Structure formats: structure tokens, C-alpha cells
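Now for the letters of each chain:
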Amino acid sequence: MTLGEDTFSPVTLPIDPVLPALLMALATHRAVVLEAPPGAGKTTRVPLALLDAPWLAGQKIVMLEPRRLAARAAAHRLASNLGEQAGDRIGYRMRGDSRTGPRTRVEVVTEGILTRMLRDDLALDGIGLVIFDEFHERSLIADTGLALTIATMGALREDLRVLVMSATLDGDAVAQLLGDAPVIRSEGRAWPVTTRHLATRADIRLEAQIARVVRDAVAEEPGSLLVFLPGAGEIHRVEGYLHGTLPNDVTVHALHGSLSVAAQDAAIVPAPAGRRKVVLATSVAETSLTIEGVRVVIDSGLMRVPRFSPRTGLTRLETIRVSRASADQRRGRAGRTEPGVCIRCWSPADEAGLVPYTRPEILDADLATLALDLALAGVADPAELRWLDPPPAAAFAQARELLQLLGGLDQRGRITPHGAALANLGAQPRLAHMLLRAAEHGRPALELAATVAALIEERDPLRGAGAAPPVDIQLRIDAVQRDVEEVLLQGASVDRQVIQRVRDTRRQYLDRIQYVATVSDEIDAGMALAWAYPDRVAQQRGAPGRFLLRNGRGAMLWPSDALAHDSWIVAAAIDDSGRDGRVTLAARVDIDALLADDPDAVVTRDDVVWEDATGTVQARRRTTLGALVLREVILPDPDPAQLLAALVSGIARAGIAALPWSDAANSLRTRLAFVHHHDSSWPDVSDAALTAGLDHWLAPSLAGIRKLASIARVDLADALRRLLTWAQQRQVDELAPERIEVPTGSRIAVDYTDPTSPQLAVRLQEVFGMTTTPTVFGGRVPVTMQLLSPGYRPVQVTRDLASFWATGYFDVRKDLRGRYPKHHWPDDPLVAEPVRGARRRRPS
């Protein structure tokens, strides 16, 4: 078979005209970007076109695919184009499945294989070209692989080349990342695709509407159909709606990542002559995959993506609208082999609201594997590498904390021997840690851990009968380890296909473990899960089904679930969509055995803390596992220093205003605030300043006190004087006298609340004969006099008493004589005798 022939495409593919330009660009540049629309043929044409390039000099080509299904299919098609079987000149490698040989020149890889190759040999010796296919998917694996490959090109390999291929991506941004690499664009399409819109209704279940669209399309259009749905659950429900409603010549197939290889291959292969097929698929069928005979695509417009929260350390699946780029990819599946039709289950108005591109996985993923890979490559900080989108700092920090908890990194973030072992196992760091710990306890423990790891990695084999299945992982372990066709477990049925995949994955895990201890310690599922998820050990709190995780987050089970009544569980899977995540997979755990296994995780400390609710300092000795309290006793005799620190902390939280301020203390404080206002060298007694200085001015007076209310016995005025020097303590009464004597001999309190204008409220009759306004602050600040009637009502406010006597008094006198006719209102107040009390007017 020649290069121009392809059993899955026309003789000439749209990519063919640009292949000479691509070859020339790679001959003269170390990095090139290739943009080609869906169906152009870049996956099947480009690697073969480059095999004999002189600059390759007989070295290998490694092509990274974002999905296992696509990688396997691409390798088989490339090999078929050479008239060979996969494993000869064209091979593939992925976890648990590999076909390569001594003549292999092109390796199609996925699932971190490229990252592992870089980790084992950063120079990529023997590899001349790395192709990143379907880079628009922006998988975490692809972003990581590209960042490390760019570093290799810059530091170790001047002859290494990189080709980034994409159907729907801003190629210019990638080209800039690669050092202004040339961009080759293929504009042609294989076949035209007619697009129709058919909006769904919110009041009818989506799966029922999709099934109706499928039935109509089968009746109206020739050829096979590819239907895009968000997940396996929706696929299963649409299968149910379609059952028995399609013509006899139509077969329905499911296609998603958790199916067996045989089931996936059955969905991909052409329908037998005279028959058609309906393939119900997730996003796994978006790219690098041709299903021959498909000319109709039905797109639900939805996809399911993982969202990781650094705040909770949990990942949840979220159903979202597809991006415009993904919608275009899906539509392109209809035009691969002949003119096609795409039915979009949304309105044209909805289409205008689609985001341009799918959000890169690196922005929302659990970055534990990335952090481990970078540490093993000697990269201490992701900023040392070049990224299209750098890893979010919070998620990366959380990933490093988890790896430190698992023992994979030391406290400085450097890889440990155990971390290297985790990376070499090729599993998620949590599961790898569990497997390695189990291997230390012997073969039975390892087999149990391998079963647990496989159950976590594969789809849940239990199906609930109209409700969520029970969360106990032990039920699933029993189903895997027992030789059963199908059993009922607490109202849940077992999916036999999933059980077989779990068994296959378990066997792969067991084959990877190099060392198994000869001892045979018994462990249970709870202990195994606790090794993988130490942060999710959970303690029941108050009511069945309510739990607190070791990391401080809340979690819940339905009260009807058997594990809801256990005191201690370990949660392996949690739906983190609410305030308290709902546990979907867990095991009961023996807390005593767990603490004996890891005694260093238990911390005993004396806590002397302020409690806002009671306004008191509480002293307790707590034994804790993270946020979980294992034991607590009251400390009758706490450390006085801790007691004082907690009290001061409580006062700071309650606020200075919460202190029991006496009149004398308030008076001194306002006077000090007045002096500070006019001379900043004096202490600041604002709320903020007093709060910041509690240790200095108040703490010495708090010995033995544990309650806020008990501070009433402390002389706060005396405490405030600690802020003053000896000289200031003598001066304060001179600069801000508490009282001023008036002509009657009365000593009237000065109000310093407004530091710009101290107030003296005094009855007018008591200041007869006073010729000048009193002053404070060494005569520099006049007092504002609030002159009062005999009934203590303000009649005049003045800062110039002499002027008042000369002009304002007579108008006031006229008014007061009318209101208080029995009181003496002299014609000349400057010579009149001041009156204290209620002296009456002399009879005329």
C-alpha cells in the first residue's frame, strides 16, 4: 500500500498538499506547528511522510495521543498503510498495553508514557521527533510533555525536533511558545457537512429527547450515526430508550474510555455489509478516530470534565457545555468518508454563547502526578519551564503537600526514594503509595490493595436499583474476588463487564510490583484506603451519616447506608458539589490499627484558646489526627503565659470597645487622644493602636483572669498610664485638665471627645464675672463653652467669652428673663456675683 492510499479516507486527503511545506519547515526549523481541520488526515499521513527525512537520521518518531483509544487506532491505521501489523515499524505504548519491536520507527504513546521516557532519559536519546497530536485538547499530559520536551531541546538536544498538530487551536500562541516556530495551515476539508440545530426542552429528560432524534435520523438519513453524550450514565440510559425501537438492520454500540478493548473495537469497526450502526460515545470519539460509515453526527452539546478544588483537595465531575472548538471537532466526524449531516441539540442562539476553546486541563486538574514528575526531573518550581498555561499555584502547592504526606517529597519539595518508587509504578501517586505499602505486608495484602486500586480506577461495578448503590468498597471487593456471574448485593446489581476490567487491571498492578515481603500481615480495605487517602480518614460527628474528614472538610452519607452508622470510615470518592461532599465510595476502618500503623500522625498538644461563644479562655489537652479529635481533657492548671496570650487574643478579637471601660478610664483615654492629636509624640490610644499594644499596656494587669467579664476588676485607667513616661504622667493633667474651675468654685468636667474642640458645659449664671475663655494644652487651645440655662439646656456656644458678654449676652438675657423670670439676670454680667444653684431674683 502506497503513502497516498488509506482504507479509511479518500485517495487524496486534504493534508496532502501541505506535506511538502511541512517537510521543508522541519528541515530548517527545530519546531513547527501544523493546523489542519478535523478529517484532514494529519494523524495518518504526517508520521509516514516524515519517516525518510534526512534530518531524522534513522531515529524514532514518538507521537503523543491524548487518549488510549485514539492511540491504539492510530497505530493500527498507520501500520495498515504500510501493509504491516502494529508492532513492526509502527508500534504503540500505553499503560497495560504495548506493541513494539526492534524495527519500530514510530511509537504512538499516551497516558504519561512520554513523561516517563523523559524521566528515564531526559535527553530522549534515539528519538529525533516528538509529535503532539490533537494538542487542542490541552490535556495535562500533553502540556507537561511539551514543557519538558522544550527544556530538553534547550539544554540537551540541539537536533531534537517538535511538531505540534492541532485542528482547533490558536496556533500562533503555540508557535510563540516554541520560539516563533513556523505555522503550516491546511485549509481543505474532506467532505462537506450540513449542520442543523434542534433545541432541546428543559421539561423533558435529555436522554429521551436524544433517543427521539436518533430514531428520526435513522429513518431520514442513510449511513451510520455517531451520537455524542456527556458520560457513560447517559449512554446507558439512551441505550435503554432505543432498545427495541430501531430497524432490525441497525445495531447500537457504546463507546467510552472505561469499556474493554474488545467493546471499543466493536464500536469502531465498520458495520457489516447491509447493516448500519449507532455509536453512543463520549468525547473519546472527538479526535484521531474514524468510524467508517458514519455520516450523521448527533451532538448533545455536553461534556463531562473533572474539576479539582485546592480548597478541599477533592475532584468532582462537572457537566458543561462544549466549546465551539469541540463542537467543530464533533461535526467533523460526519465528513470523514463522505458528505455528512450534523444535528446539534441546541439553538443557534445557544451556539453564540459557546466559549471558543475548552478550558485547559492543567487549570482544573489534581496536579499530584505533575508535581511528582517535575520533582523527579529535578524541576523545583514549575516557573523554570515554559507553559502555555502555567500550573495554578494553589493546586500545585496542595499537590506537593499531599506528596509530602505520602512520603514522596521531603519538606523542601525534593524527591525521596519512596517518591521515585511511586513514579516508577506508573499509577496515581495515592494508589502507588497504597500498593507499595501493601507490598511490605506480604502477598495477600498486595492482592487486596491491587483490587482496591483497580476498583478506584475503573467504573463502579455496582448499579443501584433506582437509587445510589451502597458505598462500602468491601461489597465490590467481594464481587471481584468471588467467581460469580451476577449477584445481588444490598439491592445493587453487579456489572460483569466492569468486574472483568477490574480483574484485568488488578493483574496489571500485580505484575508491576517488583518487591513483596515474605511476611503475611493481614490488612483490611479500610487500612488500604487509609494508605491511599490519609487525608480522608473520617470521624462521625453527632448523627449517622455526618462525618468530619482529617483534612477538616465535612462529608455525608445517606443515613440509610450501612456505613453511615460507623464511627470511623475512609472515603475514597466524594462528590464535592455541596457544602459537605457526599461520599460515594468508602470503607470502615479500625482506628486503633490505623494509629498503631502510623503513630507519628497523632499529635498531642495543650490548647489554651479563646472561645468567642463563652467569652472565656478554655484550656484542654487534645490528642488529634489532623482535624479529628481523638481525646480531650480539661487542663486545670494551664501555663500562665499561654493563658495570658489566649486572653489577649480574645480581647483583640472582641474589640477594645468590649472592655469594661469606667468613667475614669474613658476620661483619661479621651484626654490622651486630645494631647496626641496636638502632639504626635504622645501615645496613640485609638482602637487600632490599643489593640496592637495590648501586650504592653493591658497584659500586666490580667494575671489569673480567664473571662472577659472579669476584667471589670482591672483599673483600665491605671493600665493606660503604662503608655506614658514618668514626665508625661505629670504633664497630662496640665495639658488636658480633667476639670476647670469656674467663678462659683465649681469644678466642671471638660469633654475631650472631639480632640479639636474640647467642650465645657456650664450654666451661664456660674460664669458671671469670667472675662476670658478658659484654655487647655498650655493655653494654646481655647475651650468651647456650652452655656446652659438654669434647666441645663444649651443657650449659647462660644469660644470667645468676652465677645459673648459684649454682644450676645443681652439677646440671651432677654430670652432667659422670659423663660426664667424668678432668676437674676444682671445688666452687667462682668461684675455680677456668679450663682451656683438656683438663686432667685431680688424683689423690686
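Scope of this entry: the structure provided in the associated data block. Note on numbering: residues in each chain are counted from 1, in written sequence order. Reporting in this predicted model follows two pLDDT cut-offs: at least 70 for local features of residues, and 80 or more for side-chain atom pairs to be given and counted; totals over whole chains, interfaces and linings ignore these cut-offs and use all residues. Side-chain calculation: all heavy atoms of the structure are included, whereas hydrogens and water are not.

**Section: the overall build of the protein**
Condition: Starting at the N terminus, helices and strands are each numbered in turn, a helix being any DSSP run of H or I of at least four residues and a strand any DSSP run of E of at least two. For this measure, only C-alpha atoms enter the radius of gyration; the expected value for a globule follows 2.2 Å times N^0.38, where N is the number of residues. Type-normalised accessible area, obtained with a 1.4 Å probe on protein chains alone, sets the label of each residue: buried when under 20%, exposed when over 50%, and partly exposed for intermediate values. Should any heavy atoms of two residues lie within 4.5 Å, those residues are considered in contact. Charge counting follows a simple rule: Lys and Arg are positive, Asp and Glu are negative, and His as well as the terminal groups are ignored. In plain terms, the charge of a residue is placed at NZ if it is Lys, CZ if Arg, CG if Asp and CD if Glu.
Along the protein, the regular secondary structure elements total 27 helices and 34 strands. A globule of 844 residues ought to have a C-alpha radius of gyration of about 28 Å, yet the protein, at 40 Å, is considerably larger. Residues counted as buried form 52% of the 844 residues belonging to the protein. Once local pairs closer than 6 in sequence are excluded, the contacts in the protein between residues at least 24 apart make up 67%. Averaging the positions of the 98 positive and the 104 negative side-chain charges in the protein gives two centres separated by 5 Å.

**Looking at the side chain of Glu766**
Test applied: By salt bridge we mean one thing: a side-chain nitrogen of Lys or Arg within 4 Å of a carboxyl oxygen of Asp or Glu.
The topology assignment puts Glu766 in the loop between strand E30 (759-763) and strand E31 (775-776). The side chain of Glu766 sits in the buried core without any salt bridge; Arg763 is the nearest counter-charge, 4.2 Å away. Apart from residues no more than four positions distant in its own chain, Glu766 is found in contact with Val742, Pro743, Thr744, Ser746, Pro834, Val835 and Arg836.

**Focus: helix H4 (residues 113-120)**
Of all eight residues in H4, six are buried, a share of seventy percent or more. Considered for burial, the residues of H4 that qualify are Ile113, Leu114, Thr115, Met117, Leu118 and Arg119.

**What to know about the pattern of salt bridges**
Under the counting rule described, the total for this entry stands at 52 salt bridges. Among the ionic pairs, Asp607 bridges to Arg622, the shortest N-O distance being 3.2 Å. Here the residue Asp607 occupies a position in strand E25 (residues 602-611), and Arg622 occupies one in strand E26 (residues 616-625), the gap between them amounting to 15 residues. Residue Asp607 shares its accessibility class with Arg622, and that shared class is buried. Arg669 is the partner of Asp687 in a salt bridge, and the nearest nitrogen-oxygen pair spans 2.5 Å. Of this pair, Asp687 sits in helix H23 (residues 687-692) while Arg669 sits in helix H22 (residues 663-678), and the two are 18 residues apart along the sequence. One network of salt bridges, in which partners are shared, links Arg605, Asp607, Glu611, Arg620, Arg622 and Glu632.

**Quick look at the packing of aromatic side chains**
As a reminder, the rule being used: Pairing of aromatic rings covers Phe, Tyr and the six-membered ring of Trp, with a centre-to-centre limit of 6.5 Å; geometry is then stacked below 30 degrees between planes, edge-to-face above 60, and tilted otherwise. For a ring to carry a charge above it, either NZ of a lysine or CZ of an arginine must fall within 6 Å of the ring centroid while also lying within 35 degrees of the normal to the ring plane.
Under the counting rule described, the total for this entry stands at 10 aromatic pairs. Taking the centre distance of 5.0 Å and the plane angle of 45° together, the rings of Phe674 and Tyr752 count as tilted. Taken together, the positions of Phe674 in helix H22 and Tyr752 in the loop between strand E29 (747-751) and E30 put the pair 78 residues apart, joining distant regions of the chain. Summarising the burial analysis for this pair, Phe674 and Tyr752 share the class buried. Among the aromatic residues, those joined into a cluster by ring pairs are Phe768, Phe804, Trp805, Tyr809 and Phe810. One Lys or Arg, Arg669, reaches over the ring of Trp661 and ends 5.1 Å from the middle of that ring.

**Some remarks on the packing of H22 against helix H26 (residues 726-735)**
Between two packed helices, what matters for the description is the angle formed by their axes and the separation of those axes. Under the convention used in this document: Orientation is described by lines fitted to C-alpha atoms, with helices fitted over the stretch in contact, and by angles between N-to-C directions that extend from 0 to 180 degrees. Any angle from 65 to 115 degrees is called roughly perpendicular, while one under 35 is roughly parallel, one over 145 is roughly antiparallel, and all others are oblique. Three categories are distinguished: nonpolar for Ala, Val, Leu, Ile, Met, Phe, Trp, Tyr, Cys and Pro, charged for Asp, Glu, Lys and Arg, and polar for the others, with Gly belonging to the last.
Two numbers describe how H22 lies on H26: the axes approach to 10 Å, and their chain directions differ by 90°. Classified by the angle between their axes, H22 and H26 sit roughly perpendicular to one another. Contact residues: H22 offers Arg671, Leu672, Phe674 and Val675, while H26 offers Val732, Asp733 and Leu735. Here the contact of H22 with H26 is built from residues that sort into five nonpolar, no polar and two charged.

**Regarding the sheet that holds strand E3 (residues 90-94)**
Let me state the cut-off plainly: Strand pairing is assigned whenever DSSP identifies at least 2 bridges connecting the two strands.
Sheet architecture is open: eight strands sit in the order E4-E3-E5-E2-E6-E7-E1-E8, paired in mixed fashion. Among the strands making up the open sheet, the edge pair consists of strand E4 (97-99) and strand E8 (183-185). The sheet shows a mean angle of 20° between the axes of neighbouring strands, direction not considered. Note that strand E1 (residues 31-35) and strand E7 (residues 161-166) share five bridges and pair parallel. In the sheet register, Val32 faces E7, and the bridge partner there is Leu163.

**A word on the pairing of strand E10 (residues 224-228)**
Counting buried positions along E10 yields five of five residues, so the element is predominantly enclosed. Neither face of E10 is left uncovered, since the one carrying Ser224, Leu226 and Phe228 and the one carrying Leu225 and Val227 both have all their residues buried. Judged from the five bridges that link them, E10 and strand E13 (residues 294-299) form a sheet pairing that is parallel. Considered in E13, the bridge of Val227 is made with Ile298. In this structure, E10 lies alongside strand E12 (residues 276-281), joined through four bridges in parallel fashion. Residue pairing in the sheet places Val227 in a bridge with Leu280 of E12.

**Digging into helix H12 (residues 368-376)**
Each full turn of the α-helix corresponds to 3.6 residues, which orients residues three or four apart in the same direction. With respect to burial, H12 is a largely interior element, seven of its nine residues being buried. Residues Ala368, Leu370, Ala371, Leu372, Asp373, Leu374 and Ala375 constitute the buried set of H12. Structurally, H12 contributes buried residues whose contacts are with H4, helix H5 (140-155), helix H13 (393-406), helix H14 (417-425) and helix H15 (429-439). The positive-phi residue at the C-terminal boundary of H12 is Gly378, with phi of around 80°.

**Quick notes on the sheet that holds strand E33 (residues 784-788)**
What the five strands build is an open sheet, ordered E28-E29-E30-E33-E34; its pairing is mixed. With one partner strand each, in any of the chains shown, strand E28 (739-741) and strand E34 (794-798) form the two edges of the open sheet. Between one strand axis and the next, the sheet turns through 30° on average, direction left out of account. Inspection of the sheet shows E33 paired to E34 by four bridges, in the antiparallel sense. Bridged to Leu787 within E34 is Gln796.

**Overview of the environment of Ala399**
Position of Ala399 among the secondary structure elements: in helix H13. What makes Ala399 buried here is its relative accessible area of 0%. When the C-alpha atoms of Ala399 and Leu372 are compared, they prove to be 8.6 Å apart, with 27 residues separating the residues in sequence. Ignoring sequence-local partners within four residues, the contact set of Ala399 consists of Leu367, Ala368 and Ala371.

**Quick notes on the pairing of E7**
Basically, it comes down to this: The handedness rule is simple: strands pointing away from the viewer, and a clockwise path from the first strand over the helix to the second, make the crossover right-handed.
Among the six residues of E7, six are classified as buried, and the element is accordingly described as predominantly covered. Alternating residues of E7 divide into Arg161, Leu163 and Met165 and Val162, Val164 and Ser166, and every residue in both groups is buried. The handedness of the strand E6 (residues 127-132) to E7 crossover, carried by H5, is right-handed.

**Some thoughts on the side chain of Asp535**
Counting through the fold element by element, Asp535 comes out in the loop between helix H19 (525-532) and strand E20 (537-540). For Asp535, a relative accessible area of 10% corresponds to the buried category. With residues up to four places along the chain from it excluded, the contact list for Asp535 reads Leu405, Arg430, Leu549, Arg550 and Asn551.

**Considerations on unusual backbone geometry**
Even without a glycine there, the phi angle at Leu124 is positive, about 50°. With respect to the helices and strands, the residue Leu124 is situated in the loop between H4 and E6.

These figures capture arrangement, not role.
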